[in-house]
Amino acid sequence: MPGGRDVPPRAHRTFAERYPSHIPLPPTAPRPAPVRGAFRPLTIRTARDAVAAAAGYLRWLGFRDVVQPEDRPASGVDLRAPGLVAQVDPSTRPAGLRAVECLWLNGLSTPATSVSVFFSLAGYTPEARKRAAEIGLPLFVLDLTGTPQPVNHAADELAADGA
């Protein structure tokens, strides 16, 4: 050998060593929750603040282009985004069955709406909660600090998974 060094010949790897017969399947575990910072609530002093707090929360969940119309439309929908309609009830009475169904129907009649979300300061009547559970409509309660709390399973899922 030149230079007086004995260099062993390269070991030959077989085809099976180069190309394993078993290729692992991709992971099928649920996707991890999206990484997002802490939600920064907006203190609620007026009805407009409640709508702004809900809009901020929806943006935090990942909805883009959330808009708040200048005047509240007759439909009661306070917020819109691509794939989203949302209503905010700032009254001191629990939101009722009619309000939940109207939002749901409005979402069905709006093209490309995949999610309808309801926010209330005073909570929901038992009938409204039952109907929302049946149709999969997320319900949230806003406290006066502006922090939404999920009320039903659909809201829990939305809060965990985001948009």
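Scroll up to find the structure.
Let me sum up the structure you'll find in this document. Owing to the predicted nature of the structure, the values given are computational and were not obtained by experimental measurement.

1. A few points about the overall build of the protein
A tally of helices and strands in the protein yields five helices and five strands. For the protein, the α and β elements follow one another from N to C terminus as α-α-β-β-α-β-α-β-β-α. Expressed as a percentage of its 163 residues, the buried residues of the protein come to 34%. Taking contacts inside the protein between residues at least 6 apart in sequence as the whole, the part at least 24 apart equals 49%. Total accessible area computed for the protein in this model is approximately 10700 Å², and 57% of it derives from carbon and sulfur atoms.

2. What about the pairing of strand β3 (residues 115-120)?
Where a strand is regular, its side chains alternate between the two sheet faces. Buried residues dominate β3, accounting for five of its six residues. Here six bridges tie strand β2 (residues 84-89) to β3, and the two strands are oriented parallel to one another. Note on β3: the bridge partner recorded for Q87 is F118. In the classification by handedness, the crossover that spans β2, the intervening helix α3 (residues 97-109) and the parallel β3 is right-handed. In this structure, β3 lies alongside strand β4 (residues 139-142), joined through three bridges in parallel fashion. Residue pairing across strands places F119 opposite F140, the latter belonging to β4. A crossover links β3 with its parallel partner β4, the connecting element being helix α4 (residues 126-135), and its sense is right-handed.

3. Details of the nonpolar core
Grouped together as the largest cluster of nonpolar side chains are 24 residues, with contacts concentrated most on L58, V66, L79, V88, V117, F119 and F140. Put simply, the parts of the chain that give this core at least two residues each are α2 (47-61), β1 (79-81), β2, β3, β4 and α5 (153-161). The element contributing the most residues to this core is α2, with eight residues. Membership of the second largest hydrophobic core comes to 12 residues, among which are V77, L103, Y124 and L139.

4. Points about the packing of aromatic side chains
All told, the structure shown has seven aromatic pairs when counted by the stated rule. Aromatic pair F119 and F140: ring centres 5.3 Å apart, planes at 20 degrees, arrangement stacked. Linking F119 in strand β3 with F140 in strand β4, this pair joins segments that are 21 residues apart in sequence. Taken together, the ring pairs connect F39, Y57, W60, F119 and F140 into an aromatic cluster. Here R131 stacks its cationic end above the ring of W104, 5.2 Å away from the centre of that ring.

5. Considerations on the packing of α3 against α4
One can describe the packing of α3 onto α4 by two numbers: an axis separation of 8 Å at closest approach and a directional angle of 25 degrees. Considering the angle they form, α3 stands roughly parallel to α4. In this structure, α3 contributes L97, V100, E101 and W104 to the contact, and α4 contributes E127, A128, R131, A132 and I135. Its residues placed into classes, the contact of α3 with α4 shows six nonpolar, no polar and three charged.

Calculation criteria
- Residues numbered from 1 in each chain as written.
- Predicted model: local features only at pLDDT ≥ 70, side-chain atom pairs only at ≥ 80, totals over all residues.
- Heavy atoms only, no water.
- Helix = DSSP H or I, 4+ residues; strand = E, 2+ residues; numbered from the N terminus.
- Buried < 20%, exposed > 50% of the residue type's maximum accessible area, 1.4 Å probe, protein only.
- Contact = heavy atoms within 4.5 Å.
- Areas by Shrake-Rupley, 256 points an atom, 1.4 Å probe, with all protein chains shown as cover.
- Pairing = 2+ DSSP bridges.
- Right-handed = clockwise from strand over helix to strand, strands pointing away.
- Core = buried A, V, L, I, M, F, W, Y, C linked by side-chain atoms within 4.5 Å.
- Phe/Tyr/Trp six-rings, centres within 6.5 Å; stacked < 30°, edge-to-face > 60°.
- Lys NZ or Arg CZ within 6 Å of the ring centre and 35° of its normal.
- Axes fitted to C-alpha atoms, helices over the stretch in contact; angles between N-to-C directions.
- Parallel < 35°, antiparallel > 145°, perpendicular 65-115°, else oblique.
- Nonpolar A, V, L, I, M, F, W, Y, C, P; charged D, E, K, R; others polar.

Nothing here speaks to function; it is geometry throughout.
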